[in-house]
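This is what each chain is made of:
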Amino acid sequence: MLVWNPGYGSSGAPTAAAGPTNPVKAWLLDQGYALAGTTASSGGWAVEDLVANQPDVLRIVSAELGEPEEVIAWGESMGGLTSAAALEAHPELIDAALPLCGSVSGAVPMLNGGLDGTFVLRMLLAPDDERLELADVRNEAARQAAFREVLEEAQATPQGRARIALAASAAQIPAWTQASDPEPSKGDLAAQQEQLYAAFMFGVVSPRQPLEARAGGNFSWNTGVDYGQSLVHSGNAQLVRALYREAGLSLSEDLGTLASSDRIAADPRAVAYMQENATPEGKLSGPVLTLHETGDTAPTVAQAATYEDRVRANGDNALLRQAFVDRPGHCDYADAEIAAMVTTLNERLDEDHWADLAHPASLNALADRITAESGLERGGSFASYAPNSMLRPEREVQR
């Protein structure tokens, strides 16, 4: 039994999709899987409602079809997070989870990364522009428009481009983000910076007001953050330093400006809400198989590494495997890739051990076979990849 959870913006529909695409759903039904889905009437950041829905969905399934042999929670983006959270919340009902492109480390570190990027951009480019709301957002549409205006103006100058790169790096945006573009070469600074700029609005200035409304206040903070250290560990330090040299700017002076700027504190009650709904602890009762694009920006692929860190800290790392496709995009998977992921997790449930099931070579061979037998779109290739952990993986408020 596969229980689908929708991504952000997809909830609130009158009926649940029960899967990512019609060809995948048809293929799964042909293979003997039962499919169900859940939605939330309120829409938006509905993780709380979606997790609470799982027992009701399974009661309906059992009444209509009989008791499922095994239950897998799955979904994309926010639905991927919901899947991981549902396994933790309902271990007696859910046997495994398949988060696809999921924000599996939760909204707290995800939006703290966004705060870091917008804070750096505003403090260095338009510190007095009150339209650039960083937290406690009152007008999301006006905020988005103002950030876009400042961003586009800055992109027109070498100095602005360097500062955009620093801001994007604070949010851990990778240097290849656009599926329509080839991967920039290591020496092509301009192309790498263009990738950071192109992803900034989607990956950094993500909607904040609806999430704050859910949490009852601001759940992001940057008190105590050293942005110089953030740059060192961002993966883009050489790029940023080179762009600053080209622009004739002092990186140390800009980092000093950031260090002396007033910081933002969070509402502990709002943080507690988002920790509960949901910032997974990584306590696994069954196998979890995640899938990410290496160039994802919302959430950044660093979410995968931080989730793994939490699982390992709980001693459950034998239950977790993570797969990657080496390309930009967000939830832009080929149908055969998704079919291979479902099949692999199901085999793990049957065999009770991973062995090489989730190895890139095994996943590629399986996806090839599925395409040959069914005609499902093949896509690219699974690849070995080790992302950096999130710069700020915290679950607790810094004061």
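Note that the structure is predicted; figures quoted are calculated from it, not measured.

What counts and what doesn't
- Residues numbered from 1 in each chain as written.
- Predicted model: local features only at pLDDT ≥ 70, side-chain atom pairs only at ≥ 80, totals over all residues.
- Heavy atoms only, no water.
- Pairing = 2+ DSSP bridges.
- Helix = DSSP H or I, 4+ residues; strand = E, 2+ residues; numbered from the N terminus.
- Contact = heavy atoms within 4.5 Å.
- Axes fitted to C-alpha atoms, helices over the stretch in contact; angles between N-to-C directions.
- Disulfide = S-S within 2.5 Å.
- Buried < 20%, exposed > 50% of the residue type's maximum accessible area, 1.4 Å probe, protein only.
- Polar contact = N/O pair within 3.5 Å; in protein donor to acceptor, adjacent residues only side chain to side chain.
- Right-handed = clockwise from strand over helix to strand, strands pointing away.

**Q** Can you walk me through the sheet that holds strand β5 (residues 288-295) in this structure?
**A** Adjacent strands of a sheet pair through backbone hydrogen bonds, lying either parallel or antiparallel. The seven strands are arranged β2-β1-β3-β4-β5-β6-β7 in an open sheet whose pairing can be described as mixed. Across the chains shown, the open sheet's two edge strands, defined by having one partner strand only, are β2 (35-37) and β7 (382-383). In this structure, strand β3 (residues 72-76) lies alongside strand β4 (residues 96-100), joined through five bridges in parallel fashion. Of the residues in β4, the one forming a bridge with A73 is A97. Here helix α2 (residues 47-65) sits on the sheet in contact with β1 (2-5), β2 and β3, set at roughly 145° to β1. In the packing of helix α3 (residues 78-89) onto the sheet, contacts are made with β1, β3, β4 and β5, and the angle to β3 comes to roughly 155°.

**Q** Could you clarify how one ought to interpret the state of the cysteines in this entry?
**A** Formally, a disulfide is one covalent bond, and it connects the sulfur atom of one cysteine to the sulfur atom of another. Per the stated rule, a full pass over the model turns up one disulfide. A disulfide bridge connects C101 with C331, and the sulfur atoms are separated by 2.0 Å. Between C101 and C331, the S-S dihedral sits near 105°, and the bridge is therefore right-handed. With C101 in the loop between β4 and α4 (107-125) and C331 in the loop between β6 (320-328) and α14 (335-351), this pair connects stretches of sequence that are 230 residues apart. Comparing C101 with C331 shows no difference in burial state: the two are buried.

**Q** Looking at this structure, I do not really get the environment of D95. What am I missing?
**A** By secondary structure assignment, the location of D95 is in the loop between α3 and β4. Among the residues examined, D95 registers a relative accessible area of 31% and is labelled partly exposed. Between the alpha carbons of D95 and G286 there is a distance of 5.4 Å; along the sequence they are 191 residues apart. If sequence neighbours within four positions are ignored, D95 has contacts with E69, E70, V71, L87, G286, P287 and L349. Within the structure, the side chain of D95 is placed 2.8 Å from the backbone nitrogen of V71, a separation counted as a polar contact.

**Q** Honestly, the pairing of β4 in this entry has me stumped. Any pointers?
**A** Within β4, five of the five residues are buried, leaving the element largely enclosed by the surrounding structure. Residues A96, L98 and L100 of β4 are buried on one face, and the alternating residues A97 and P99, pointing to the opposite face, are buried as well. Remark: the β3/α3/β4 crossover connection has right-handed handedness. In this sheet, β5 lies alongside β4 in parallel orientation, the contact comprising two bridges. Across the sheet, residue A97 finds its bridge partner in β5, namely V288.

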